[in-house]
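So you can see what is in the structure, the chains are spelled out below.
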Amino acid sequence: MTGRVVLLNGASSSGKTSVGRALLGLLADPWFFFPVDGLGEMRSTVHTRVLGDAEIAAMLVRTRRGYHRAVAGLASAGNDVVMDYPLSERWRLADLLVVLAGFEVTLVEVRCSPAELDRRERARGDRPVGLARSQTLVYEIGDRDVVVDTTMSSPQQCARVIAGVLERLAGARAFDRLRASGGWQVQDPAVVVGEVGDGQR
């Protein structure tokens, strides 16, 4: 039996991590909460060679491709996984549609107002103000299974909405429809210019 996957997609500072953590306590079975930042933090930050911009970009692509496959590996062994991951580059979704084929994936769109995103970025201090506003692609996928908005709703309220949808959702999901549409085929990410850094998700 393969595991299930819930993908929390939203801009930086939209509240994906808080919603994901709150969701775990509402689910009947044990789930892994596996944010992409958790994988990035496992990579060494101290090394003897200075990397050029192109090498850093390639490293970040490898990290994200590895994250996709790590999630698939967990799920293929029967584990349920909550992903905390912004689909802020077209190739990410295209790759996931291939790597997670055959798995039950529920795509959750985590929204937040631009003004509140700016406020959160200023409060956290580890992201440039305006980053979240620039990540418009995360909301341009064209399909999703559930939408939550953290502007006025707490992580717990949003998590309850997601848990309720998971209990009653049946049939084809957003990933199935997107895969069938064939509209997300993009070039190899290794040659995409302008990859964002880990601090930008």
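Everything that follows concerns the structure shown earlier in this document.
Fair warning: this is a prediction, and the values are worked out from it, not measured in the lab.

*Asks:* Would you mind going over the environment of V6 in detail, with residue names and values included?
*Replies:* Within the secondary structure layout, V6 lies in strand β1 (residues 4–10). In sequence terms V6 and M42 are 36 residues apart; their C-alpha atoms lie 22 Å from each other. Contact partners of V6, with chain neighbours within four places excluded, come to L23, W31, V81, V82, M83, T106, V108 and L166.

*Asks:* An account of the state of the cysteines is needed here, citing residue identities and associated values.
*Replies:* As enumerated under the stated definition, the model contains zero disulfides in all. Cysteine C112 is unpaired, with the sulfur of C158 as its nearest cysteine sulfur at 9.5 Å. Accessibility expressed as a relative area gives 10% for C112, which makes it buried.

*Asks:* Got a sec to walk through the nonpolar core? Specific residues and values, please.
*Replies:* Counting 24 residues, the largest nonpolar core has V71, M83, L87, L96, L100 and F175 as its most contacted members. Setting aside chain neighbours within four positions, we find L96 in contact with L7, H68, M83, Y85, L87, A101 and F175. Core analysis: the next-biggest nonpolar cluster, separate from the first, contains 19 residues, V19, L23, F33 and C158 among them.

*Asks:* Give me helix α3 (residues 53–76): which residues, what numbers.
*Replies:* Between its first and last C-alpha atoms α3 spans 35 Å; for 24 residues at 1.5 Å apiece the expected length is 34 Å, and the two agree. Buried within α3 we find A57, M59, L60, V61, T63, R64, Y67, H68, V71, A72 and A75. Elements that come into contact with the buried residues of α3 comprise β1, β2 (31–35), α2 (36–40), β3 (80–84) and α4 (90–99). Just downstream of α3 lies G78, where phi reads positive at about 95°.

*Asks:* Could you give me a rundown of the packing of aromatic side chains, with the residues and numbers involved?
*Replies:* Each aromatic ring pair is described using two quantities: the centre-to-centre distance and the angle formed by the ring planes. Counting across every chain of the model gives two aromatic pairs. Summarising the aromatic geometry, the rings of F34 and Y67 are spaced 5.0 Å apart at their centres and angled 70° between planes, so their arrangement reads as edge-to-face. Note that F34 is positioned in strand β2 and Y67 in helix α3, a separation of 33 residues in sequence. With a centroid separation of 5.0 Å and 55° between ring planes, the pair formed by Y67 and Y85 is classed as tilted. Of the two residues, Y67 sits in helix α3 while Y85 sits in the loop between β3 and α4, which places them 18 residues apart along the sequence. Pairwise contacts between aromatic rings join F34, Y67 and Y85 into one cluster.

*Asks:* Report on the sheet that holds β1, specifying residues and quantitative values.
*Replies:* Overall, parallel pairing links the five strands, which are arranged β2-β3-β1-β4-β5 in an open sheet. Each edge of the open sheet carries a strand with a single partner, namely β2 and β5 (146–149). The sheet shows a mean angle of 20° between the axes of neighbouring strands, taken without regard to direction. Sheet topology places strand β4 (residues 104–111) next to β5; four bridges connect them, and they run parallel. Across the sheet, residue E109 finds its bridge partner in β5, namely V147. The strands touched by helix α7 (residues 155–168) within the sheet are β1, β4 and β5, with β5 carrying the most contacts at an inclination of about 170°.

*Asks:* A description of the environment of V105 should follow, citing residues and the corresponding values.
*Replies:* Within the fold, V105 resides in strand β4. Considered as a pair, V105 and D53 are 52 residues apart in the sequence and their alpha carbons are 34 Å apart.

Criteria and cut-off values
Residues numbered from 1 in each chain as written. Predicted model: local features only at pLDDT ≥ 70, side-chain atom pairs only at ≥ 80, totals over all residues. Heavy atoms only, no water. Helix = DSSP H or I, 4+ residues; strand = E, 2+ residues; numbered from the N terminus. Contact = heavy atoms within 4.5 Å. Disulfide = S-S within 2.5 Å. Buried < 20%, exposed > 50% of the residue type's maximum accessible area, 1.4 Å probe, protein only. Core = buried A, V, L, I, M, F, W, Y, C linked by side-chain atoms within 4.5 Å. Expected span 1.5 Å × (residues − 1). Phe/Tyr/Trp six-rings, centres within 6.5 Å; stacked < 30°, edge-to-face > 60°. Pairing = 2+ DSSP bridges. Axes fitted to C-alpha atoms, helices over the stretch in contact; angles between N-to-C directions.

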